[in-house]
Each structure stands twice: as C-alpha cells, then as structure tokens.
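# A look at the structure
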Amino acid sequence: MYCHNPDTIETSGGTEYKIEELVEIALKMKPYFGKKGGVTVSGGEPLLQAKELIPFFKRLKEEGIHTNVDTNGRILNSFAKTLIDEYADLVMLDIKHMTEEGYFALTGVSCKETTFNFAAHREASGKNMWLRYVLIPEITSKPELLHAMGNYFKEFKTIEKIEIQPYHKLGIHKWEALGWEYQLKDARENTPEELEEAAAILKKYFKEVKIN
Amino acid sequence: MKTKKFNEGIWNETINLRDFVTRNITPYHGTYSFLVGPSEKTLKLWEICKEGTKEERQRNGVRSVDTEVISGINAFKAGYISKENEVIVGLQTDELLKRAMKPFGGFKVVEKALSEHGLKPSDNLSELFSKYVKSHNDGVFDAYTDEIKKYRSLGYLTGLPDNYARGRIIGDYRRIALYGITRLIEAKKQDLAAITGPMTDKAIRLREEVSEQIKALKEMIAMGKAYNLDLARPAENAQEAVQWTYMAYLAAVKEQDGAAMSLGNVSSFLDIFIERDLEAGIITEVEAQEYIDQFVMKLRMVRHLRMEAYDEIFAGDPTWVTEAIGGMLADGRTKVTKTSFRFLHTLYNLGPSPEPNITILWSESLPQNFKNYCAKVAIDTSSIQFENDDLMRNSRGSDDYGIACCVSYQELGKSIQFFGARTNLAKTLLLALNGGRCEFTGTQIVEGIPEYTDEYLDFDKVMANFRIAMKEVARVYNDSMNIIHYMHDKYYYEKAQMSLIDTNPGINIAYGIAGLSIVADSLSAIKYAKVKPIRNEKGLTIDFEIEGEFPMYGNDDDRVDFLASNAVAEFNNELKQLPVYKDAEVTMSVLTITSNVSYGKKTGATPDGRAQGIPFAPGANPMHGRDCNGAIASLNSVSKINYDDSKDGISNTFSIVPKSLGANEEEQIENLATTLDGYFSRNAQHLNVNVLNKEMLLDAMENPDEYPQLTIRVSGYAVNFVRLTKEQQLEVITRSFHESM
C-alpha cells in the first residue's frame with residue numbers, strides 16, 4: 001500500500017522485451033558495473049515471471065554478469081526455486097512486517113509465513129541474501145518488531161546484511177497519476193534519529209546494517 | 001640538512017621537462033589522509049580576495065581598470081595582496097583584480113569593454129591606435145573576403161578569434177623553474193643561429209619570432225627583479241619552484257588575454273621539488289600545502305578585460321587556467337603524486353571554484369585511492385572535469401601533455417594549437433533544405449544545392465545536399481582560419497608563451513562544430529519518421545511537421561548514434577582536404593563553450609522538432625530531455641563519436657542528482673569512479689561532472705549572495721553559477737539531470 005513503483009504492480013501491460021534484447025542492454029552497461037554491479041530484477045514482484053527469468057539469468061551468467069532478485073518472497077514455486085538456487089547470485093528479500101496482522105494490513109494478503117519459508121529455503125541453499133525492511137514510523141518501526149526480526153534471523157548464515165529503507169512519500173504522485181488512492185497518506189517520514197535508533201537495535205543481530 | 005641532487009639524464013643536456021619528471025617523480029598510491037588545512041596566512045589572503053571578488057560582482061563584474069597603460073610583462077610595478085602574508089607573489093597589475101588593457105587583439109574591443117563601464121582609453125592611446133598602430137583585428141578585416149563576412153554575420157561561423165586574442169597556446173611554464181631564464185635564452189640563441197638561408201618566408205618569419213621570444217625572456221628577468229626574484233637562475237627549493245613557475249605564467253597573462261590560457265601540468269613537476277624539501281626536513285606538509293594554496297589563489301585572481309558580447313560565447317568571465325592532473329607515464333607508473341592531491345585539496349581549503357580549471361587525466365590504471373578522491377571532490381564541489389588519459393596518451397603519443405582550454409590535448413613545450421572556435425553544423429543542415437539559402441534572410445550562402453520542393457523530406461536527398469553544404473562551409477571556415485592565424489602571428493604574437501616552447505613546435509589547427517545532437521536527431525527524424533517542411537512565401541523552411549516516432553541521440557540506439565558519429569567524421573574529412581597556414585595538422589572538436597545558447601538563437605526551426613531560437617545542447621551532449629533511458633545510455637551514445645575524427649576533443653557535460661549516484665557518500669564515490677571507468681573504457685574522451693539538485697540552482701538564482709562560490713561545470717569549463725546571465729542559468733537548469741543510472 002506504499003509501493004514507490006505502483007505502475008509496476010499491475011500484472012498485465014508493460015513493455016515486452018525479448019531476452020536477447022535485455023541481455024544486450026545489460027552488456028552495454030557491463031563496463032559500468034565495476035566490482036559490485038550487475039543486473040537486479042525488481043518490481044512489482046519479479047518472481048511472478050520466474051519461469052521467463054530463468055533463461056535470462058542463465059544468459060547473464062554466461063556473460064559473467066552478477067544477478068540479483070529483489071523480491072517479497074511470496075512466490076516459491078519450482079521455477080522460483082530453480083531461478084534463485086541456480087542462477088541468482090544474490091536475493092534481496094523484503095520483510096514487510098513481523099506479525100501476521102501487520103503484514104496483512106500493509107499488503108492485503110496473508111503471506112508472512114511464505115516469506116519466512118522463502119528465507120529458510122535460501123538459507124538452506126547456502127547462497128547470499130540481504131534483507132530489506134521499510135521503516136514506517138509507528139507501523140514497522142516499533143522496537144519490539146525490530147527485536148523480533150533480529151531474533152528470528154540471527155542464526156541465518158547467508159544473510160550478509162540488512163538494509164533499512166527509510167519511508168518516503170516519493171511514490172504518492174505516481175499513485176495519484178494512476179487514479180488510485182494512496183493508502184498511507186497519514187504516515188510521516190522518519191527522522192534521522194529514528195533511523196539511527198532502528199539501526200542500533202538491528203546491529204545487535206546482523207553483521208551489517210545499512211540505512212539506504 | 002642538505003637537499004639531494006636530482007637524478008640526471010637527457011634533461012641536463014637539452015631542454016627536456018618530460019625527461020626530468022620521468023626520472024625524478026615520486027608516484028603516490030596512498031589516501032588523502034595526509035592533507036592539511038589552510039595556513040593562517042592563506043586564510044588572511046583569501047579573506048581579502050573574497051572581499052575583492054564581492055566588490056567586483058557589485059561593480060558589474062569589474063573592480064577596477066587601468067585606462068592609461070597597455071599591459072605587458074613589465075607594464076606595471078609589483079603588486080601585492082598583503083605582502084607579509086604572501087609566500088607566492090605576483091599580480092597582473094599593481095592591484096588585486098585591477099584589469100589591464102591588452103589592445104593588440106583589437107582596439108575596438110577594448111574601447112567597447114571600457115565604455116560598458118563608463119570609461120574610455122586615454123586620448124594618447126586612442127590616437128596611437130587610430131593613426132599608427134595596427135591590431136590583429138585590423139589585419140584580419142583587411143584580408144577577410146565578403147564571403148567570410150557573410151558567413152560570420154549570419155551565424156555560420158561564430159566566436160572566431162578575429163577581434164580578440166586566440167589563446168589556447170600553453171607555455172611550458174615549468175621551464176623557468178628547472179632551468180632559469182639565462183639557460184633558456186642560451187638555447188633560443190642557438191636555435192636562432194641555426195635558422196639560416198635561403199631566406200624564405202618561413203625562415204624569415206621564424207627568425208623574427210625567435211628574436212621576439214628572446215626579448216620576452218629578458219623582460220621576464222626584469223619582471224622577477226621587480227619582485228626581488230632572481231629568475232635568471234633555476235629554482236633552488238620548493239617555494240621557488242612554485243614561485244618561478246607562477247612568474248612564467250604571470251608573464252603570459254600580462255602580455256596576452258587569450259580566450260583560454262591553460263597552465264599545463266605543473267603539479268607533479270612541483271611535487272619533485274616539494275618531496276625533496278620534505279625529505280630534507282626543510283619544510284613540512286603545512287608549507288607544502290601553503291605554497292599550492294597560495295599559487296592556486298593567485299590563479300583564481302587572474303582577470304582579463306572583456307566586453308559584454310564576449311559573455312555570450314564564454315559566459316561567467318572564465319580564464320581557463322586549465323591544469324591537467326594525474327594520468328600515467330609511458331613506463332606504466334602513475335603521474336599521480338601527493339601534489340596532485342594538494343591541488344585538488346585547494347577546493348576545500350579555499351572552497352569550490354571554477355578556476356583553475358582542474359582536469360583529471362583519468363586512466364583505468366590510476367591508483368584507486370586517487371580515483372576515489374577525485375570522485376569525492378567532484379561530488380562535493382562540481383568543480384572538476386575528467387579526460388581519458390589512456391585514449392589520448394595512446395592516440396597522440398606523449399605522456400607529457402596539458403589540456404588547452406577545455407578539452408584539447410597539447411603536448412607541453414613541443415606543440416601548440418591554433419584556436420578556431422566553431423561552425424554551426426545545425427544551420428549548415430538547414431542550407432541543405434533551403435537550396436543553399438539562409439533560413440532567415442534567404443541570402444544565398446552555398447551554390448549548387450537544388451531547391452527542395454517535395455512534400456516530405458527524403459533522407460538520401462537531404463544527405464546529398466548536406467554534403468554539398470558541409471564542403472562549402474568547410475572551405476570558407478578554412479579560409480577564415482588561415483587569415484586569422486596569419487594575422488595573429490603578425491600583430492599579436494605570443495612571444496612570452498612561445499619563448500617557453502620549442503622553436504619549431506608541432507601545430508594543430510583546432511576547428512570545431514556546434515549543434516551535433518540537433519543534426520543527428522534531425523537526420524534521424526527524416527530517416528525514421530516522416531518530416532514535412534512548412535515553408536514561407538520565400539520558400540524558406542520555418543517549421544516542420546513530424547509524423548511518427550524516431551530514435552533520438554542519447555539513448556544508446558545505434559541507428560541515430562551512427563548519424564551523429566558519421567556527421568563528425570564527414571565534416572572532419574572535408575576540413576582535412578584544405579590547405580592550412582603553417583602546414584598545421586587538422587583537428588576538430590565537438591565543443592560549444594556556452595555558445596550553444598547564442599547558436600540556438602541564430603538557427604531556425606530544425607527537422608527534429610526543435611523550435612526556432614531554442615538553445616542547442618552543449619558540446620556533444622544529447623539534446624535536453626531527450627536522453628531519457630538513464631545516465632549510462634546517454635554516456636554510451638556520446639562515447640560512440642570516434643576520437644580519431646575529433647582529436648581536439650568531444651565534450652560531454654553530465655549532471656546527476658546526488659541520490660541517484662548512491663544512498664551515502666561511500667556508495668556515491670564508488671559509483672562515480674566506476675562510472676568513469678566504464679565510460680572511458682568505451683574510448684570516450686571527456687566528461688564534466690555535476691552532482692547537484694536543480695532545487696539548489698533555483699534557490700541560487702533567487703538568492704545569489706548566499707552562493708558566491710557555487711560552481712557548476714558547463715562545457716569544458718566551470719563557472720560561478722551566480723555570474724551567469726539569467727538566460728544562461730535557465731539553460732543550465734533545463735539540461736538533463738539524470739535521476740537514474
């Protein structure tokens with residue numbers, strides 16, 4: 001309900017690209033990737049197209065390009081598993097909320113457990129993962145929620161870092177342009193102190209905490 | 001402790017700065033943590049300078065002018081800012097920020113510049129120039145043909161150095177510090193003796209030139225004496241090396257007011273002296289930084305007397321004291337030294353500034369710590385630019401070069417260039433659609449182009465006509481350049497700068513083009529969409545209707561990017577067919593300075609949908625707002641222009657908002673350094689980097705006094721944003737600020 005790319009939520013529409021066209025675009029950008037750059041599929045939810053992403057990532061790996069999936073972990077079918085197990089160098093997993101009610105309130109679906117299962121699957125594969133967490137004042141910023149997240153994930157060995165995404169309202173105009181009602185109008189943006197406090201809590205549990 | 005002796009080599013036998021630097025340089029791979037803040041003396045001086053520049057702004061851009069004395073190496077007595085605080089001395093006149101008349105480029109220009117401030121030259125001087133003395137400008141107009149005058153007044157050729165000094169020549173200012181002037185005079189005397197008969201035009205001219213150079217060297221000794229400096233001998237320590245080098249540059253900017261008078265690449269040369277004194281314990285880092293801070297401060301205070309019209313092509317009162325920093329030696333070591341860092345650090349010690357025009361010679365092999373520091377400075381100050389050292393060093397053959405003006409390679413002490421401003425390639429394209437007539441006046445400019453009467457424009461027909469137009473414009477351009485440089489040598493020869501350059505230097509004639517992105521997009525529209533010209537009663541195009549989509553330059557689309565690179569190659573090839581004064585090698589640049597605004601005014605509507613009068617994009621930039629596939633796609637398009645077709649430089653000015661470079665400073669630095677690596681690995685040549693938010697610029701327009709040092713890269717140089725005209729400020733703001741990579 002606060003996605004900053006609401007124009008990417010709709011599952012129909014958009015521009016269709018052939019895989020080779022996308023690979024070509026990636027190759028044109030490859031000189032700029034440096035040591036850490038690469039291709040990230042994001043959304044919306046990229047795993048809705050997991051089957052189609054497999055040959056794309058396969059080609060990227062052939063070209064020596066780093067691959068990354070930015071997902072909410074709500075889909076874990078056999079295609080999604082193949083994609084992340086075999087072809088994704090990195091998974092960035094978005095943790096929406098640590099309680100089922102909170103998760104539902106934010107997303108309109110009950111998928112908290114699916115996201116946790118996704119994390120467990122990635123952990124079992126032994127491959128790199130980052131967590132991402134949007135810090136919304138009063139909604140996801142409560143210290144008990146942060147401690148709960150820390151406790152839940154602290155034993156995970158594949159988590160390299162957690163990124164705190166400050167809550168911002170940049171997406172509002174896009175929602176309005178789509179004629180939708182922005183549903184978190186009343187939430188405010190974080191203060192720098194709030195961000196630091198949240199980071200301090202998470203540092204007790206994670207190797208690296210970054211405020212984006 | 002006594003200082004050590006320098007490693008000896010060829011430089012001891014002949015004048016050879018490259019050999020000295022190569023044998024004695026101490027490359028530095030560390031971080032910037034050794035740097036120190038400004039000394040107390042430096043801060044005191046800088047306060048006075050800031051006060052002075054504030055007064056300058058308040059007095060309509062000129063603090064004071066001398067209307068009696070013609071400037072020259074010894075025209076004024078010694079001037080100081082605050083003598084007891086100055087460790088590096090010397091001003092162009094006897095007073096800080098006082099401008100001087102340099103009328104040999106053109107006396108009318110001096111009169112005009114003075115009258116704009118309610119002043120006039122002394123009666124003596126007016127009489128002298130009206131009756132007895134001839135200027136460069138007088139000479140040029142004696143020789144100009146009617147055809148050239150027509151091309152000039154209608155805006156096909158603009159900004160030509162025919163009424164002001166051409167600049168672009170870089171004296172090898174290091175020579176005085178390393179050798180002392182006595183030794184340089186001896187070398188020039190030997191050269192003179194070797195120029196013997198038969199006395200052809202060439203030999204006579206060269207003998208006269210070398211004799212002039214020797215006079216200039218003698219005048220420099222006298223100038224040094226006025227400041228109690230013995231420039232006849234080599235510099236003996238770091239402070240003297242900096243001082244001697246500055247004196248050499250000062251002689252040049254007292255004698256000449258060339259549009260751009262670059263400094264060269266002095267920083268790592270000076271580092272050799274600084275390292276030696278540091279090692280011997282004679283100085284500490286504080287003094288080392290103090291010398292550089294004060295040297296740079298002096299360079300920031302260089303001024304020339306300019307008329308307002310000049311501001312249209314070179315906005316913001318620039319002087320182009322371009323200093324090239326970094327790069328690699330041919331033997332694989334880096335030219336980065338601690339003094340490379342010290343130069344950059346002046347942008348913190350004294351705050352951001354457009355001058356000196358600091359240019360980083362970027363190589364993939366530069367030490368990572370240096371790359372990161374450069375990226376940091378670019379992000380913090382938007383004051384520096386980057387050029388591809390790997391490309392230029394390998395293509396042009398020397399690792400000892402400076403950047404003339406904005407973007408042009410120039411081997412130091414061995415070569416010069418003849419500045420040629422630029423031609424308007426977009427307006428040239430309109431000749432192809434109008435039977436060779438000017439789209440505004442209907443004046444016949446080019447013969448042999450058929451009237452175009454078809455309802456829609458046909459790509460092949462347009463290209464055939466465009467080729468005829470390019471050939472003719474190149475011919476007239478070449479004629480004008482030959483006249484200009486012949487006359488400049490005759491009436492305003494750069495004797496001080498040339499005395500610090502080898503006697504028979506290589507020369508390249510630096511042509512230029514403006515409007516490249518307009519040409520590329522127009523041709524693309526004609527080829528990939530349907531373009532219908534709207535004509536007035538005289539049959540001249542006044543507008544275009546475009547049906548359908550077409551690819552636009554700046555989106556990494558080969559279909560249109562090829563049209564851009566091809567236009568550059570074809571026009572360069574036309575220029576290469578023509579005979580050049582002094583047998584100079586033909587080079588070309590895609591660079592506009594800030595003339596993209598005035599060129600736009602002088603150009604009618606174009607087939608890409610650009611309306612009449614709208615500014616062009618600067619340099620080789622994609623047109624504002626049309627490069628909408630992110631920063632990398634835009635960079636990739638520009639990188640496709642072949643350097644071999646445009647060896648005088650391909651300028652790209654790139655603005656990005658801080659947050660799209662990264663979430664924090666560390667990420668931003670890493671991403672900018674990686675972007676530069678990526679861009680230059682594709683053989684791109686130049687990049688101006690602005691890391692700014694538009695909102696800040698809008699605020700600066702409203703509240704200029706709060707942003708006295710706000711600096712922004714425009715096209716191969718930087719300006720104080722608040723010194724731009726409102727029109728130019730708005731043009732800068734409408735440029736693409738990339739919000740995504």
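Cut-off values and rules
Residues numbered from 1 in each chain as written. Chains lettered and ligands numbered in written order. Predicted model: local features only at pLDDT ≥ 70, side-chain atom pairs only at ≥ 80, totals over all residues. UniProt positions renumbered as here; feature names shortened; annotations may be inferred. Helix = DSSP H or I, 4+ residues; strand = E, 2+ residues; numbered from the N terminus. Expected span 1.5 Å × (residues − 1). Pairing = 2+ DSSP bridges. Contact = placed C-beta atoms within 7 Å. Axes fitted to C-alpha atoms, helices over the stretch in contact; angles between N-to-C directions. Buried ≥ 20, exposed ≤ 12 C-beta atoms within 10 Å, placed from the backbone. Nonpolar A, V, L, I, M, F, W, Y, C, P; charged D, E, K, R; others polar. Core = buried A, V, L, I, M, F, W, Y, C linked by C-beta atoms within 7 Å. Domains from an automatic or database assignment.

Per an unreviewed UniProt entry, chain B goes by Formate acetyltransferase and derives from Lutibacter maritimus. According to UniProt, the comment filed for chain B under the heading Catalytic activity (unreviewed entry) is "formate + acetyl-CoA = pyruvate + CoA". Per UniProt, chain B carries the Pathway (unreviewed entry) text "Fermentation; pyruvate fermentation; formate from pyruvate: step 1/1."

## Let's talk about helix α3 (residues 40-58) of chain B
Over its 19 residues, α3 of chain B runs 27 Å from end to end, which matches the ideal 27 Å to within 8%, given 1.5 Å per residue. Positive backbone phi, approximately 60°, marks N60 of chain B, located one or two places after α3 of chain B.

## Regarding the sheet that holds strand β5 (residues 357-362) of chain B
Residue and element names in this part refer to chain B. With respect to topology, 6 strands assemble into an open sheet ordered β4-β5-β6-β17-β16-β20, the strand pairing being mixed. Every interior strand has two partners, whereas the edge strands, β4 (322-326) and β20 (737-738), have only one. When strand β16 (residues 653-656) meets β20, the two strands line up parallel, connected through 2 bridges. Counterpart to I656 in the pairing with β20 is H738. Packed on one face of the sheet, helix α17 (residues 389-396) meets β4, β5 and β6 (385-388) and runs near 40° to β6.

## Here we look at helix α26 (residues 665-681) of chain B
Residues and elements named next belong to chain B. Compared with the 24 Å implied by 1.5 Å per residue over 17 residues, the 24 Å span of α26 between its first and last C-alpha is a close match. Among all positions in α26, only Q668, I669, N671, L672, A673, T675, L676, G678, Y679 and F680 are buried. Positive phi shows up at N683, right after α26, with a value of about 65°.

## Brief notes about the UniProt feature "domain: Glycine radical" (unreviewed entry) in chain B
Taking the numbering used here, the UniProt-annotated feature "domain: Glycine radical" (unreviewed entry) corresponds to residues 618-741 of chain B. Strand forms 16% of residues 618-741 of chain B and helix 39%; the C-alpha atoms that close the span are 21 Å apart.

## Side note on the pairing of strand β3 (residues 90-94) of chain A
All names here are of chain A. Only one face of β3 is buried: it carries V91 and L93, and the other face, with L90, M92 and D94, is open. Inspection of the sheet shows strand β2 (residues 67-71) paired to β3 by 4 bridges, in the parallel sense. Counted as the bridge partner of N68 is L90 from β3. Looking at chain direction, β3 and strand β4 (residues 129-135) are connected through 4 bridges and run parallel. Paired with L93 across the strands is L131, a residue of β4.

## Some thoughts on the interface of chain A and chain B
At the junction of the two partners, chain A supplies 7 residues and chain B supplies 10 residues. The residue inventory of the side of chain A that touches chain B, partitioned by class, reads 3 nonpolar, 3 polar and 1 charged.

## Structural notes on the nonpolar core
Within the largest apolar cluster, 225 residues are counted, with the highest numbers of intra-cluster contacts made by M220, M247 and L516 of chain B. Both domains that meet at this core, namely domain 1 (136-163 + 417-650) and domain 2 (181-233) of chain B, each give it at least three residues. Filtering out sequence-adjacent residues up to four positions away, L516 of chain B remains in contact with L425, A564, A567, V568, V590 and A620 of chain B. Membership of the second largest hydrophobic core comes to 38 residues, among which are F56, F118, V134 and L135 of chain A.

## A short note on the domain arrangement of chain B
Interface size is often expressed as the accessible area that is lost when the parts come together. Residues and elements named next belong to chain B. Assigned domains of chain B: these are domain 1 (136-163 + 417-650) and domain 2 (181-233). One C-alpha centre belongs to domain 1, the other to domain 2; they are set 40 Å apart. In this complex, domain 1 contributes 6 residues to the contact, which on the side of domain 2 involves 10 residues. A breakdown of the residues in the side of domain 1 that touches domain 2 according to their chemical character gives 3 nonpolar, 2 polar and 1 charged.

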